[in-house]
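So the chains spell out like this:
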Amino acid sequence: MKNVCIVVRNKRDPYYGEEFGPAASALADGGFPADKIFLIDGADAHEFAQTVIECKNFFDNTFVLAADAELDALRGKLCELVKCPPSAGVALEAGAKHFFCLPFGGAGAALVRGEVIPYLKTKYEVAAGSAFVRAVGVPADLLEKVIGEAKAQAQGMEIVTSCLHGDCRIEIVYGNAPKTQVDEVMRILAGGLKEYVYAIDDTPLNKRVYDLLLLRKQRLSVAESFTGGGVASSLIEIPGMSQTLFESIVAYDNGSKMRRLGVLQQTLDTQGAVSDETAYEMAAGLLATGNCTVALATTGIAGPQSDNTNKPVGLCYIAAGTKEAVYVYKYLFKGTREEITKRAIVQALFLLYKQIV
């Protein structure tokens, strides 16, 4: 079985891989990794047609990823090119070949996990059940130790681990293994990684946070400096987030931190914008408005250079709390500017989860 992704995008737009990365990762996690990925210009109808025909001839499953607004038109073109009838389901079937149209970003990944993978497993009669543990920020040595202990009890099972920006997804593929054996493996994983675990199913972190905010009837405000709106962006990928998200502020400039969030000039002068005290005052400033019940704030140095202080690239402070108490956490992340930022976004969401769980 061979799988391929066709990514339809404007080639003049900056390329970061975030358009198709989440869905491609979800396919790999589900056991259907792409053997090849084509990047084609959405404005070139001829290139799209040639690529689709090539994929039909040489691949079993083709995943077309594009902006949500383009998907209906692409489905119509696909049906014409591969001569298959329109379908209301997730898949377009052209004989033994299958085509799937998926949106960019987290929405595509959610569709892969919720509909595409179950469809393919049924189609290919993959007789294997799965259980999951999801965790954030697990130290490498601890993760290796706990996975080793789990594998020692997992005869006849497969344990698949993937980690992205500190967010670890562990899948136990158990097939026909006895329930008692599956339960023991889950006990080892969930118990060994306890303080880092946020789900014992396949719920992504942003969806888990949303579910808890809704369940606890919490109203969230977010203030971001170096994460540049990334925390809020991750949250609003989830439909219905408007029920729980009051506001998101990107306060890069110190003037914004003071005027909008109430950070003290003295704090900025003596401690700096990247400090425990500034993160605390950013979160406290959100809570002081009285329009939210829980607040989250980030400040840090993403790089590639420092901020003319002696503080290192990768240093960040994340504050999370309620009117009763605000807690500040210090981290020093490694990597490129993008890697540091994305790692901090994941960690911030996890700290928010810990605050409301």
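Up top is the structure.
Residues numbered from 1 in each chain as written. Predicted model: local features only at pLDDT ≥ 70, side-chain atom pairs only at ≥ 80, totals over all residues. Heavy atoms only, no water.

What about the sheet that holds strand 10 (residues 220-224)?
Reading across the sheet, the five strands line up as 11-10-12-13-14 and stay open at both edges, with mixed pairing between neighbours. The open sheet is flanked by strand 11 (245-250) and strand 14 (326-332), the only strands paired with a single partner. The sheet shows a mean angle of 10° between the axes of neighbouring strands, direction not considered. Bridge analysis of strand 13 (residues 315-321) against strand 14 gives seven bridges, and the strand direction is antiparallel. What sits directly across from alanine 319, in strand 14, is valine 328. Across the sheet, helix 12 (residues 337-356) lies against strand 10, strand 12 (294-300), strand 13 and strand 14, angled at about 25° from strand 13, the strand it touches most. (Pairing = 2+ DSSP bridges. Helix = DSSP H or I, 4+ residues; strand = E, 2+ residues; numbered from the N terminus. Axes fitted to C-alpha atoms, helices over the stretch in contact; angles between N-to-C directions. Contact = heavy atoms within 4.5 Å.)

Quick look at the packing of helix 7 (residues 205-215) against helix 12
Packed helix pairs are specified by the crossing angle of their axes together with the interaxial distance, meaning the distance between the axes. It is the contact of helix 7 with helix 12, at a shortest axis distance of 10 Å, that shows an interaxial angle of 30°. When the interaxial angle is binned, helix 7 and helix 12 end up roughly parallel. Between helix 7 and helix 12 lies a crossing of left-handed hand. Packed against helix 7, whose contacting residues are Leu205, Arg208, Val209, Leu212 and Leu213, the element helix 12 presents Val346, Leu349, Phe350, Leu352, Tyr353 and Ile356 at the interface. Its residues assigned to classes, the contact of helix 7 with helix 12 shows ten nonpolar, no polar and one charged. (Parallel < 35°, antiparallel > 145°, perpendicular 65-115°, else oblique. Left-handed = near helix turned anticlockwise from the far one by under 90°. Nonpolar A, V, L, I, M, F, W, Y, C, P; charged D, E, K, R; others polar.)

Side note on the sheet that holds strand 2 (residues 36-41)
The strand order across the open sheet formed by five strands is 2-1-3-5-4, and the pairing between neighbours is mixed. Among the strands making up the open sheet, the edge pair consists of strand 2 and strand 4 (91-94). Strand-to-strand twist of the sheet, defined as the mean angle between neighbouring strand axes without regard to direction, takes the value 20°. With four bridges joining them, strand 4 and strand 5 (residues 97-103) adopt antiparallel strand pairing. Bridging from a neighbouring strand, glutamate 93 pairs with histidine 98 of strand 5. In the packing of helix 2 (residues 45-58) onto the sheet, the strands contacted are strand 1 (3-9), strand 2, strand 3 (61-66), strand 4 and strand 5, and the crossing angle to strand 2 comes to about 165°.

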